[in-house]
Amino acid sequence: MHKITNIPLIALTLALALAAAPLTAQTDGGAIDAILRQVESNNRQLQAARQLNAAQKTAYRTENNLPDPTVSYAHLWDSDDKNITAGELVVTQSFDFPTLYATRNKLNRHRNAALDAQAEITRQDILLQAKEACMDIVMLQQMQQLLEERLHNAEELAALYRQRLETGDANRIETNKINLEMLNVRTELRTNRAALEGKKRELRALNGGMPLDTMPDTYPLDPLPADFASLCPALLSADPSLQALKSTAQAARRQIAASKQGWLPSLEIGYRRNTETRHPLNGIVVGFSIPLFQNRGKVKAAKSEALNAGFLQQEAETQTASDLWQRYTEARELQHSIAEYREAFTSQQDMTLLRKALDEGQMSMIEYFLEVSVLHQTLSNLLQLENQYHKAVARIYKSRL
């Protein structure tokens, strides 16, 4: 039995180095922060949302404008004597009862706050999508290193067994197993490389199709709080979706006041000039409209909308708090699993036993190789757990993006 003194051990040593890397890599997320700032500046959807937000605010503001002034002129002539004529010019301006304008201004402030919150929802959704893409890139890069090392190890083992097959120290079955493993790793490597390039393209698309100054290589530092109960209220108060619903509910209540004031009469004032007599007559025009029909049912509708907005706000607060706790529980369980994986890797007990068994001839090379593959698969699971954990924490802190 030939003793392999360095090839598998080097592979496992590098694998363990990869497993330990996230322990220190978590302390630096500056590259991801820089990428998010670029996405915020260049994303086309965000640019469109900002323009739409401004347009909607302008539309709300125009609803409180004065009506257009009216100008009318009447030219009259005597039916018996066409030379006798008279003219009348009337210029008027109508307006709602003055208190209604102040009420609408307060209503529009709440509407604008809801618009700003909706824009913030869009911004955070896109930045979270970009952040998760960055995290996937970090994981796929780590996976790429692992697969490249696995392929290197498999190729060296395949070369070794070809030599042993020629000398009669190995059989065709063992050689074929190693060749199949090498083929499988090559396929996984190509698939992973394609996924990595796909995530990079996704990130560039989120950046408005513009190239990024840097690519992420480490996870950000987003510590999971030990006492989430004290943090949850702050996260809820900063949640833009809840802020949007709160502002919508406030606007609905303000709409009730505006609808009630709709029963106040509209006023009209203007200038009138009459040339029916030898000396023209000048004067003012004052009038008002009685809202007998136009405001009917609006107060009742406004009250129903306010109740609906209030119920939606309460339901959203309950559901959002539940979602935050669910994400925290998921992240905490992932954290525990990661800790268990790391402890298993850092102990190195399994590797020591495998190496000792190989050196003492207690297991064959193919058995040793299969055990090493199991360790590699375990490390792959650890990399995926790291990715899932950081995504879960990022969703918890979404309102801080």
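This structure is a prediction, so every number in the text was calculated from the model and none was measured.

Novice: When you look at empty space enclosed by the protein in this model, what are you seeing that I'm missing?
Specialist: Regions of empty space are outlined by a rolling probe, equal in size to a water molecule, passed over the atoms. In the structure shown here, the tally under the stated rule is 1 cavity of 30 Å³ or more. In this structure, the largest cavity occupies an estimated 40 Å³ of space. Lining the largest cavity are Arg150, Asn153, Ala154, Glu181, Val185, Phe369, Val372, Ser373 and His376. Residue contributions to the lining of the largest cavity peak at 4 residues, all from helix H10 (residues 365-396). Residues that form the lining of the largest cavity fall into these classes: 4 nonpolar, 3 polar and 2 charged.

Novice: In this structure, what is going on with the layout of surface pockets? I would like to understand it.
Specialist: Size it by volume and the largest pocket reaches roughly 470 Å³. Leu100, Arg104, Gly262, Asn295 and Lys298 are, among the 22 residues lining the largest pocket, the residues nearest its centre. Only helix H4 (98-167) and helix H7 (240-261) provide two or more residues apiece to the lining of the largest pocket. Considering each element in turn, the lining of the largest pocket owes the most residues, 5 residues, to H4. Broken down by class, the residue content of the lining of the largest pocket amounts to 8 nonpolar, 9 polar and 5 charged.

Novice: Mind showing me how you'd approach the sheet that holds strand E4 (residues 281-289) here?
Specialist: Adjacent strands of a sheet pair through backbone hydrogen bonds, lying either parallel or antiparallel. Strand order in this open sheet of 4 strands is E1-E2-E3-E4, and the pairing throughout is antiparallel. One side of each edge strand has no neighbouring strand; the edge strands of this open sheet are strand E1 (70-77) and E4. Here the strands of the sheet are splayed against their neighbours by 20 degrees on average, with no regard to which way each runs. As defined by bridge partners, E1 adjoins strand E2 (residues 85-95) across 8 bridges and the pair is classed as antiparallel. Considered in E2, the bridge of histidine 75 is made with glycine 87.

Novice: What is the right way to read helix H2 (residues 30-42) from this model?
Specialist: What sets the pattern is the α-helix's 3.6 residues per turn: residues three or four places apart point alike. The end-to-end C-alpha distance of H2, which contains 13 residues, comes to 19 Å, matching closely the 18 Å that a straight helix rising 1.5 Å per residue would cover. Of all the positions in H2, only Ile32, Ile35, Leu36, Gln38, Val39 and Asn42 are classed as buried. For H2, the angular spread of buried residues about the axis comes to 160 degrees, placing them on one side.

Novice: Looking at this structure, I do not really get the packing of H4 against H7. What am I missing?
Specialist: Helix packing for two helices is described by the angle between their axes and how far apart those axes are. Close contact between H4 and H7 brings their axes to 8 Å; oriented N to C, the two are set at 160 degrees. One element, H4, and the other, H7, form an angle in the roughly antiparallel class. Considering only the axes of H4 and H7, their crossing is left-handed. Among the residues forming the contact of H4 with H7, the class breakdown is 11 nonpolar, 12 polar and 4 charged.

Calculation notes
- Residues numbered from 1 in each chain as written.
- Predicted model: local features only at pLDDT ≥ 70, side-chain atom pairs only at ≥ 80, totals over all residues.
- Heavy atoms only, no water.
- 1 Å grid on protein atoms, 1.4 Å probe; cavity = no way out; pocket = protein on both sides within 12 Å on 5 of 7 lines; lining within 4 Å.
- Points joined across faces, edges and corners; volume = space filled by probe spheres on them.
- Helix = DSSP H or I, 4+ residues; strand = E, 2+ residues; numbered from the N terminus.
- Nonpolar A, V, L, I, M, F, W, Y, C, P; charged D, E, K, R; others polar.
- Pairing = 2+ DSSP bridges.
- Axes fitted to C-alpha atoms, helices over the stretch in contact; angles between N-to-C directions.
- Expected span 1.5 Å × (residues − 1).
- Buried < 20%, exposed > 50% of the residue type's maximum accessible area, 1.4 Å probe, protein only.
- Arc of directions from axis to C-beta.
- Parallel < 35°, antiparallel > 145°, perpendicular 65-115°, else oblique.
- Left-handed = near helix turned anticlockwise from the far one by under 90°.

Read these as layout, nothing more, since geometry by itself doesn't imply function.
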